[in-house]
Amino acid sequence: MEFACSHVVCNWKPKPQARLSEQGECATVSFLDVPGVGRRSLQCQPTERLFSRASRDYDNRIAVIPKGPDRPLCGAAESLLPPPIPPRQKSRLERSWSPHPAPTPSHPRIPPPLPPRTSQRRTGCLNVDVNVVSVNVGRLVDLKNIAVPVGSSPSLQCRRCSAAVSQLSNIDHNQGGSDWSCEFCSQHNRFDSSSSASLMPSHDVLYLHEDADGDYVNLEDLLVVFCVDISGSMCVTAEVEISNAINKPVHVSRLQSIQDAIQRSLNFLLQTCPRGRVALVTFNDEVTVYGDGTGIPLMLKEWELMDFDFLMSQGQQFTCPRCVEESIDTLRCRVQEMREHGSTALGPAALVSIAMASRYSGSKVIICTDGLANTGLGYIDDACQSSSYFYRNLANEAAEKGVIVSVLTFEGTDCRLAEVGRLADRTGGRVNIVNINNVSSEIQSVLEDNVIATNVKATFLIAEGMYFKYEDHSHHRLVKEIGNVTEDLEITFQFGIKESSLQNFLERDKVPFQLQLDFKTRDLQRATRILSLEKSVAPDSSLVKDSLNVAVLGVHCAQLTARLTMDGRVREAHKEVLAQRELLQDMGERNQEEDVYENWIHTMAVICDDLSSTPQSQSREGEKKSLGSTMKVLSDEVANVVYRFKRANSIMLKKKGQ
């Protein structure tokens, strides 16, 4: 776990300014702008009691004495007043000469020049909440070269919040067992002697469960399914750059570029993973399943494209493809025989492809399309909400089976990427808009993204009295279903302190944190990794400005704003980006990260313009409906950026212009 700040900031704000009145025996202090309280006034004691030292050992407060024309000073107040300062007398030299002579009509007085502006930092509190933690999930679930204690039985957990016993726990051992008061929820837990003997108190520990799911799995036995659009729009051509002696422009269609990219991918898989399996599925107004190309293709059309269970069973029961070194020749012939015609049955083709790949954990489905789904299941229509439900349900099915889905579309097209991209966003795949020149390199990048773990679930625990921001609840325990994890996956959490518990945390020195990761490895080994640590407490962010981790804040800002945009909270996301840019400018950290934020700010402005220009935003009720369907309003270019920033990581932000 990596925190954006060295301390937990309580977000404590300075007390409001006080104003003393000059009427009566008592001074009236008026408090203005008190959050959640409003306007309040407090009657103080008379003046003589304000300056009394009898009730305290020392007095370092500034004395404020009400003034009035009819109120003379006396007693202790008079003894505290210093004598008046005598007026300063000018010397003879000062009276005879002055560096600034009196102004005249011909020689007016010119003010001195302004001093040069310095780059000193402001000393006030930051406008950005720095209570952020980043978790590199890909690194934590990778069991290669791991150097942490390994146990075979699960750790003891709290009966109330499920926190695990760790190095932070205060355990009282006695003859009858052990007593433990949970450091997260203060729940008292009692363990017997046999359970106490299996304790592994450490800040980082890994548990390998004895019960594995299923039989032995060959890690090289994975499946790659190419799901290719061969509708009529795939015949559109574009000029490509080819160096030849004729120097004439060469035009290549979208389908031809996909064919060339698949041929290159087959050669790449033959060299890197010869025992892997490859299958081919094409779709237009019907779905054709070729598999490895050695058998009779399966044709699905008409009513079959509307039956979810039927399509799922057909994909699961299709003949298992052979390894690529045995089927590469027939696959090359099938790829070259593809011809474009018809409409776009994208939904049924994606369903069949995911069903085929679900037999092998860690398999991949690569969808290449250039058109809007308009046939069969997943038909996208603005007047119907069924497409959103279909792609969300299909994405959950793929994530549960450990299948990674990537979606590639062509630039200049409208595929409603905001809807179809849910498949990649939920399963850990890639969403990208390609062109004819770079489609081959993008497919190879997808093939290089290997799954490290599947069915990953993260449980994050913080102290009671704290909460997670931008979540559906205000509890101190957060559970996230991550699904498939690749090596570069990072997730961020933002937490805060409740107003009712603020004073309690200001009096504490440290607060605990714990992360629990439950996952399955590629060989179906169930494992749990638990990390625990403590962080010091600071009253406000002005004290820790020099210890901020800009990389963590940058990744969190990208992921948070993308998530808010997908939820329809675009204005709020725009404010987060502007606040993050202001922080970078305040810290003098203008570098490649800020260039990324400039591009993201421009994207957010485009999203806001798109929403404000929709007819639904004319009324209050229509605006709510517009924000609720934000992902349908977004263009493919904007949706592509949103999905990429939703899976941002520190490596991505270091690449300029990414």
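Residues numbered from 1 in each chain as written. Predicted model: local features only at pLDDT ≥ 70, side-chain atom pairs only at ≥ 80, totals over all residues. Heavy atoms only, no water.

(A) Main features of the packing of helix H6 (residues 254–272) against helix H8 (residues 324–336). It is the contact of H6 with H8, at a shortest axis distance of 10 Å, that shows an interaxial angle of 175 degrees. The orientation of H6 relative to H8 falls into the category roughly antiparallel. For the pair H6 and H8, contact is made by Gln 259, Ile 262, Gln 263, Leu 266, Asn 267, Leu 269 and Leu 270 and by Val 324, Glu 325, Ile 328, Leu 331, Arg 332, Val 335 and Gln 336, respectively. Taken together, the residues of the contact of H6 with H8 break down into eight nonpolar, four polar and two charged. (Axes fitted to C-alpha atoms, helices over the stretch in contact; angles between N-to-C directions. Helix = DSSP H or I, 4+ residues; strand = E, 2+ residues; numbered from the N terminus. Parallel < 35°, antiparallel > 145°, perpendicular 65-115°, else oblique. Contact = heavy atoms within 4.5 Å. Nonpolar A, V, L, I, M, F, W, Y, C, P; charged D, E, K, R; others polar.)

(B) Spotlight on the sheet that holds strand E7 (residues 171–174). Strand order in the open sheet formed by three strands is E7-E8-E9, with antiparallel pairing between adjacent strands. On the outer flanks of this sheet lie E7 and strand E9 (188–191), each paired with one strand and no other. Shown here is a sheet whose adjacent strand axes are inclined to one another by a mean of 20 degrees, direction ignored. Pairing analysis gives four bridges linking strand E8 (residues 177–181) to E9, with the strands arranged antiparallel. Looking at the pairing, Ser 181 lines up with His 188 of E9. (Pairing = 2+ DSSP bridges.)

(C) Structural context of the confidence of the model for the protein. Summing up the model confidence of the protein, the mean pLDDT is 77 and the portion of residues at 70 or higher is 71%. Note on residues 613–628: pLDDT is under 50 here. Beyond four places in sequence and across chains, it has 15 contacts. (pLDDT = per-residue confidence, 0-100.)

(D) Broad picture of the pairing of strand E18 (residues 404–410). Burial runs high along E18: seven of the seven residues are buried. Pairing analysis gives six bridges linking strand E17 (residues 364–369) to E18, with the strands arranged parallel. Bridge pairing in E18 links Val 365 to Val 405. In this sheet, strand E19 (residues 431–434) lies alongside E18 in parallel orientation, the contact comprising four bridges. The residue bridging Phe 410 from the neighbouring strand is Val 434, located in E19. (Buried < 20%, exposed > 50% of the residue type's maximum accessible area, 1.4 Å probe, protein only.)

(E) Layout of unusual backbone geometry. With a phi close to 50 degrees, Asn 455 is a non-glycine residue in the positive phi region. Relative to the helices and strands, Asn 455 resides in strand E20 (residues 451–462). With phi around 60 degrees, Tyr 470 is a residue other than glycine that occupies positive phi space. Along the polypeptide, Tyr 470 turns up in the loop between strand E21 (466–468) and strand E22 (477–486).

(F) Highlighting the sheet that holds strand E11 (residues 223–229). In spatial order, the strands read E16-E15-E14-E11-E17-E18-E19; together these seven strands make up an open sheet with mixed pairing. For this open sheet the edge positions go to strand E16 (298–300) and E19, each flanked by a neighbour on one side alone. Between one strand axis and the next, the sheet turns by 20 degrees as a mean value, whatever way the strands run. On top of the sheet, H8 reaches strand E14 (277–283) and strand E15 (287–291); it is set at about 20 degrees to E14, its chief contact.

(G) Up close: the packing of helix H7 (residues 308–317) against helix H9 (residues 346–357). Between H7 and H9, the least distance of the axes is 7 Å, while the angle of their chain directions is 40 degrees. Judged by the inter-axis angle, H7 sits oblique to H9. In this structure, H7 meets H9 at a crossing whose hand is right-handed. Taking contact as the criterion, the partners of Phe 308, Leu 311, Met 312, Gly 315 and Gln 316 in H7 are, on H9, Pro 348, Leu 351, Val 352, Ala 355 and Met 356. Its residues assigned to classes, the contact of H7 with H9 shows eight nonpolar, two polar and no charged. (Left-handed = near helix turned anticlockwise from the far one by under 90°.)

(H) The layout of surface pockets, seen in detail. When its volume is computed, the largest pocket comes out at roughly 1,100 Å³. Those elements giving two or more residues to the lining of the largest pocket turn out to be helix H10 (386–400), helix H12 (422–427), E22, strand E23 (490–497) and helix H15 (550–566). (1 Å grid on protein atoms, 1.4 Å probe; cavity = no way out; pocket = protein on both sides within 12 Å on 5 of 7 lines; lining within 4 Å. Points joined across faces, edges and corners; volume = space filled by probe spheres on them.)

(I) Seen up close, H7. Along H7, the residues that are buried comprise Leu 311, Met 312 and Gly 315. The buried residues of H7 occupy an angular sector of 100 degrees when projected down its axis, which confines them to one face. For H7, the exposed residues set more than 90 degrees away from the buried face come down to Asp 309 and Gln 317. Summarising the contacts, the buried residues of H7 are in contact with E16, H9 and H10. (Arc of directions from axis to C-beta.)

(J) Structural view of the nonpolar core. Grouped together as the largest cluster of nonpolar side chains are 54 residues, with contacts concentrated most on Val 281, Val 287, Val 365, Ile 367, Tyr 391, Val 405 and Leu 423. Setting aside anything within four residues of it in sequence, one finds Val 287 in contact with Val 281, Thr 282, Leu 298, Met 299, Leu 300, Leu 305, Ala 345, Pro 348 and Ala 349. Residues Val 141, Val 456, Phe 493 and Ile 497 belong to the second largest nonpolar core, which totals 37 residues. (Core = buried A, V, L, I, M, F, W, Y, C linked by side-chain atoms within 4.5 Å.)

(K) Expanded view of the packing of aromatic side chains. Under the criterion given, the structure shown has eleven aromatic pairs. When the ring of Trp 303 is compared with that of Phe 310, the centres are 5.6 Å apart and the planes differ by 40 degrees; the resulting orientation is tilted. The exposure class of Phe 310 is partly exposed, given its relative accessible area of 22%. Here Phe 308 and Phe 390 contribute two aromatic rings whose centre-to-centre distance is 6.2 Å and whose plane-to-plane angle is 85 degrees, an arrangement assigned as edge-to-face. A residue pair is termed long-range when its members are at least 10 positions apart, and Phe 308 in helix H7 and Phe 390 in helix H10 qualify at 82 residues. (Phe/Tyr/Trp six-rings, centres within 6.5 Å; stacked < 30°, edge-to-face > 60°.)

(L) Main features of the environment of Leu 584. Along the polypeptide, Leu 584 turns up in helix H16 (residues 570–587). Leu 584 gets classed as buried once you look at its relative accessible area, which sits at 1%. With 31 residues separating them along the chain, Leu 584 and Leu 553 place their C-alpha atoms 9.9 Å apart.

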